[in-house]
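# Breakdown of the fold
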Amino acid sequence: MKKELDYIWRRRSVRAFDGQPLTEEHFCELLEAAMAAPSARHCDPWEFIVVRNSGQLQKMAELLPNGPALASCGGAIIVCGDLNKAYMNSLSYLLQDCSAALENILLAAPGLGLGGCWLGIHPREERINALREMFSIPEHIIPAGACMLGYPATEITPRTRFDKSSIHDGIWTKESN
Ligand SMILES: Cc1cc2nc3c(=O)[nH]c(=O)nc-3n(C[C@H](O)[C@H](O)[C@H](O)COP(=O)(O)O)c2cc1C
């Protein structure tokens, strides 16, 4: 694990937080990182719902089956995409752009002393609809994914998941499967 790439190894899914809220500066830095992501044809179709209010975090935790830890995190960001802005109005491009933005948030978090975890939303209709209702999200805006963020409750160990069998060097060989 090369030291220069430490910011990659330090991004781990964090699901337990110490309860301290994120500051305005945290959200600004994280959203700036998000909007630096690559985007097909530079369309930047993303829209971000910032959730900092503990009552709203609690409600989200109850609405999303995958989000109980939202109740104790320091804040959350829902990454949505605007179908009218996405390249070729394509849902696939929209989701790819939003995923890149979400990953940038998670990569930036450890540099601010924070940790976070991706919460899958799309393509689960019931999660999409729950968020649509809670945040009054219009039809052309697609909630792609969310992340909960905060100060990790435990120490995070950097790691790699390198797996040689996933590499196909020049050609798809049987051995590489
Ligand atoms: C599209 C996507 C959806 C995910 N959804 C969830 C989720 O709903 N809940 C959760 O705890 N983790 C979720 N994760 C995080 C993965 O479980 C996690 O990245 C994976 O186990 C690898 O661990 P690491 O992030 O610590 O490297 C999601 C990740 C991705 C990319």
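Check the entry above for the structure.
Numbers given to residues run from 1 along each chain, matching the order in which its sequence is written. Owing to the predicted nature of the model, reporting of local features is limited to residues with pLDDT of at least 70; listing and counting of side-chain atom pairs is limited to 80 or more, with chain, interface and lining totals taken over all residues. Side-chain calculation: all heavy atoms of the structure are included, whereas hydrogens and water are not.

## Digging into the site of the ligand
When we say a residue is near a molecule or strand, we mean one of its heavy atoms is within 4 Å of it. In the neighbourhood of the ligand, the contacting residues comprise Arg11, Arg12, Ser13, Arg15, Asn66, Cys117, Trp118, Leu119, Gly120, Arg159 and Arg161. We call two N or O atoms a polar contact when they sit within 3.5 Å, provided that within protein one can donate a hydrogen and the other can accept it, with sequence-adjacent residues counted only if both atoms are side-chain atoms. At 2.7 Å from an oxygen atom of the ligand is found a side-chain nitrogen or oxygen belonging to Arg159. To be clear on the numbers: accessible area is Shrake-Rupley with a 1.4 Å probe, and residue cover counts the displayed protein chains and nothing else. Isolated, the ligand exposes 620 Å² of accessible area, and the fraction of that covered by the protein chains is 60%. Ten residues, namely Ala, Val, Leu, Ile, Met, Phe, Trp, Tyr, Cys and Pro, are considered nonpolar, four, namely Asp, Glu, Lys and Arg, are considered charged, and the remaining ones, Gly among them, are considered polar. When the residues that make up the shell around the ligand are grouped by side-chain class, the tally is 3 nonpolar, 3 polar and 5 charged.

## Structural notes on the nonpolar core
Definition used in this section: a nonpolar core is a set of buried Ala, Val, Leu, Ile, Met, Phe, Trp, Tyr and Cys residues joined via side-chain atoms within 4.5 Å. Only protein chains enter the calculation, and the probe is 1.4 Å; a residue is then buried if its accessible area is under 20% of its type maximum, exposed if over 50%, and partly exposed in between. Grouped together as the largest cluster of nonpolar side chains are 25 residues, with contacts concentrated most on Val51, Met60, Leu70, Ile78, Leu131, Phe135 and Met148. By the criteria applied, helices consist of DSSP H or I runs no shorter than four residues and strands consist of E runs no shorter than two, each listed in order from the N terminus. Elements with a minimum of two residues in this core: β1 (46–51), α3 (54–63), β2 (75–82), β3 (115–120), α5 (125–135) and β4 (141–150). If one sorts the elements of this core by residue count, α5 sits on top with 4 residues. In what follows, a contact means two residues having at least one pair of non-hydrogen atoms within 4.5 Å. In this structure Met148 touches Val14, Arg15, Phe17, Ala69, Leu70, Cys73, Gly75, Ala76, Gly115, Gly116, Cys117 and Leu119, once residues within four positions along its chain are discounted. Counting 24 residues, the second largest nonpolar core, distinct from the first, contains Leu31, Ile77, Leu94 and Leu102.

## A word on the sheet that holds β1
One key point about sheets: their strands pair by backbone hydrogen bonds, in either a parallel or an antiparallel sense. We call two strands paired when DSSP finds no fewer than two bridges between them. Sheet architecture is open: 4 strands sit in the order β1-β2-β4-β3, paired in antiparallel fashion. Two strands bound the open sheet, and with one partner strand each, they are β1 and β3. Across the sheet, the mean angle separating the axes of adjacent strands is 25° when strand polarity is ignored. Taken together, the 8 bridges between β2 and β4 define a ladder with antiparallel strand orientation. Across the sheet, residue Gly75 finds its bridge partner in β4, namely Leu149. Axis definition: a line fitted to C-alpha atoms, over the contacting stretch in the case of helices. Angles run 0 to 180 degrees between N-to-C directions.

## Description of α5
Along α5, the residues that are buried comprise Arg127, Ile128, Ala130, Leu131, Arg132, Met134 and Phe135. Just beyond α5, the residue with positive phi is Ser136, at close to 55°.

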